[in-house]
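Summary of the model geometry
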Amino acid sequence: DAKTTQPPSMDCAEGRAANLPCNHSTISGNEYVYWYRQIHSQGPQYIIHGLKNNETNEMASLIITEDRKSSTLILPHATLRDTAVYYCIVRDYYGGATNKLIFGTGTLLAVQP
Amino acid sequence: DSGVTQTPKHLITATGQRVTLRCSPRSGDLSVYWYQQSLDQGLQFLIQYYNGEERAKGNILERFSAQQFPDLHSELNLSSLELGDSALYFCASSDPVGRNYNEQFFGPGTRLTVL
């Protein structure tokens, strides 16, 4: 699975959009980008995933660059409850024999009132 | 609420002891994963079971073992405990054929403290 690089921390004002970047320059053609988040000591929570097209769901939007070497997770209107560590993970869609997740260090997003 | 349950919520024990952590996956999920989260190592994949059989192994110590039972619940056994085994242990489950095939649902975790 390709390695990802994320900034260790970011701040965002409540009500504003939070844009979390992720670099995955070694991503291969069959690998997807996944985002999970972990709110303080709770179990991680799936947010969104994508291959090459931009994706949107009720939680967030995922923008993947055309060369697929980086992506941005967008929380359109951040709230205090969005304060969490956000993990960007790259792996095969079917994971081969397993769908295990390899977590990096993630980005701690602090939403400020 | 993810639908994944883990017991106990907290566990305090002494070095050298053995403990068992239990996980009940979401209804219908055949895959169960175990992860360990410690302060110095972050979130690490330990092991995966699929429908009762071991599917993948990660950074799981030989002192640790797991199994998945016919009713699909899983147990993680930790023996000869050391101080460094103190961590949050998460269980996750996924549905291999449903719409959310690639989404893992995590339980609330078991916090293990080894004194």
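Described below are features of the structure shown in this document. (Residues numbered from 1 in each chain as written. Chains lettered and ligands numbered in written order. Predicted model: local features only at pLDDT ≥ 70, side-chain atom pairs only at ≥ 80, totals over all residues. Heavy atoms only, no water.)

Overview of the environment of Thr110(B)
Residue and element names in this part refer to chain B. Mapped onto the elements, Thr 110 comes out in strand S11 (residues 110–114). A sequence separation of 33 residues divides Thr 110 from Asn 77, and the C-alpha atoms of the two residues are 13 Å apart. Setting aside residues no more than four positions away along its own chain, Thr 110 makes contact with Gln 6, Thr 7, Pro 8, Lys 9, Leu 21, Ala 87, Leu 88 and Tyr 89. Here the side chain of Thr 110 touches Pro 8 through a polar contact of 2.6 Å, landing on its backbone oxygen. (Helix = DSSP H or I, 4+ residues; strand = E, 2+ residues; numbered from the N terminus. Contact = heavy atoms within 4.5 Å. Polar contact = N/O pair within 3.5 Å; in protein donor to acceptor, adjacent residues only side chain to side chain.)

Quick notes on the pairing of strand S9 (residues 107–112) of chain A
Residues and elements named next belong to chain A. In the sheet, strand S1 (residues 9–13) pairs with S9 via 5 bridges, with the strands oriented parallel. Following the sheet pairing, Asp 11 is matched in S9 by Ala 110. Inspection of the sheet shows strand S8 (residues 84–92) paired to S9 by 3 bridges, in the antiparallel sense. The residue of S9 that forms the bridge with Val 85 is Leu 108. (Pairing = 2+ DSSP bridges.)

So, the state of the cysteines
All names here are of chain A. In the structure shown here, the tally under the stated rule is 2 disulfides over all chains. Note on cysteine connectivity: Cys 22 is disulfide-linked to Cys 88, with sulfurs 2.1 Å apart. The sign of the -80° torsion about the S-S bond sets the Cys 22-Cys 88 disulfide as left-handed. Pair noted here: Cys 22 is in strand S2 (residues 18–23) and Cys 88 is in strand S8, with a separation of 66 residues, a long-range link. The closest cysteine sulfur to the non-disulfide-bonded Cys 12 is located on Cys 22, 18 Å from its own sulfur. The class of Cys 12 is buried, set by a relative accessible area of 8%. (Disulfide = S-S within 2.5 Å. Buried < 20%, exposed > 50% of the residue type's maximum accessible area, 1.4 Å probe, protein only.)

Looking at the packing of aromatic side chains
Applying the stated criterion across every chain yields a total of 9 aromatic pairs over all chains. Judged by centre distance (5.7 Å) and plane angle (65°), the ring pair of Tyr35(B) and Phe45(B) falls under edge-to-face. Note that Tyr35(B) is positioned in strand S4 (residues 31–38) and Phe45(B) in strand S5 (residues 42–50), a separation of 10 residues in sequence. Here Tyr35(B) matches Phe45(B) in class, with each residue buried. Among the aromatic residues, ring-to-ring pairing joins Tyr36(A), Tyr46(A), Tyr87(A), Phe103(A), Tyr35(B), Phe45(B) and Phe106(B) into one connected group. The ring of Tyr34(A) is capped by Arg91(A), whose NZ or CZ atom sits 4.7 Å from the centre of that ring. (Phe/Tyr/Trp six-rings, centres within 6.5 Å; stacked < 30°, edge-to-face > 60°. Lys NZ or Arg CZ within 6 Å of the ring centre and 35° of its normal.)

Looking at the sheet that holds S1(A)
Residue and element names in this part refer to chain A. Pairing is mixed in the open sheet, where 5 strands are placed in the order S1-S9-S8-S3-S4. Either end of the sheet is taken by a strand with one partner, and the two such strands are S1 and strand S4 (45–50). Looking at each pair of strands side by side, their axes are set apart by 25° on average, direction ignored. (Axes fitted to C-alpha atoms, helices over the stretch in contact; angles between N-to-C directions.)

Points about the environment of Glu14(A)
All names here are of chain A. Topologically, Glu 14 is positioned in the loop between S1 and S2. Of the residues examined, Glu 14 reaches a relative accessible area of 41% and is grouped as partly exposed. For the pair Glu 14 and His 49, spaced 35 residues apart in sequence, the C-alpha separation works out to 24 Å. Once residues lying within four places of it in the same chain are set aside, the contact partners of Glu 14 are Ala 78, Thr 79, Leu 80, Val 111, Gln 112 and Pro 113.

Considerations on the pairing of strand S8 (residues 74–78) of chain B
Residues and elements named next belong to chain B. In terms of burial, S8 is a largely internal element, 5 of the 5 residues being buried. Of the two faces of S8, the one carrying Ser 74, Leu 76 and Leu 78 and the one carrying Glu 75 and Asn 77 are both buried. Where strand S3 (residues 19–24) lies against S8, 5 bridges are found, and the strand directions are antiparallel. Its bridge partner being in S8, Thr 20 is matched across the sheet by Asn 77.

Quick notes on the side chain of Thr4(A)
Residue and element names in this part refer to chain A. For Thr 4, the position within the fold is in the segment before S1. Accessibility expressed as a relative area gives 17% for Thr 4, which makes it buried. One polar contact links the side chain of Thr 4 to the main-chain carbonyl oxygen of Cys 88, over a distance of 3.1 Å. If near-sequence neighbours (up to four positions away) are discounted, Thr 4 is found in contact with Cys 22, Asn 23, His 24, Cys 88, Ile 89 and Val 90.

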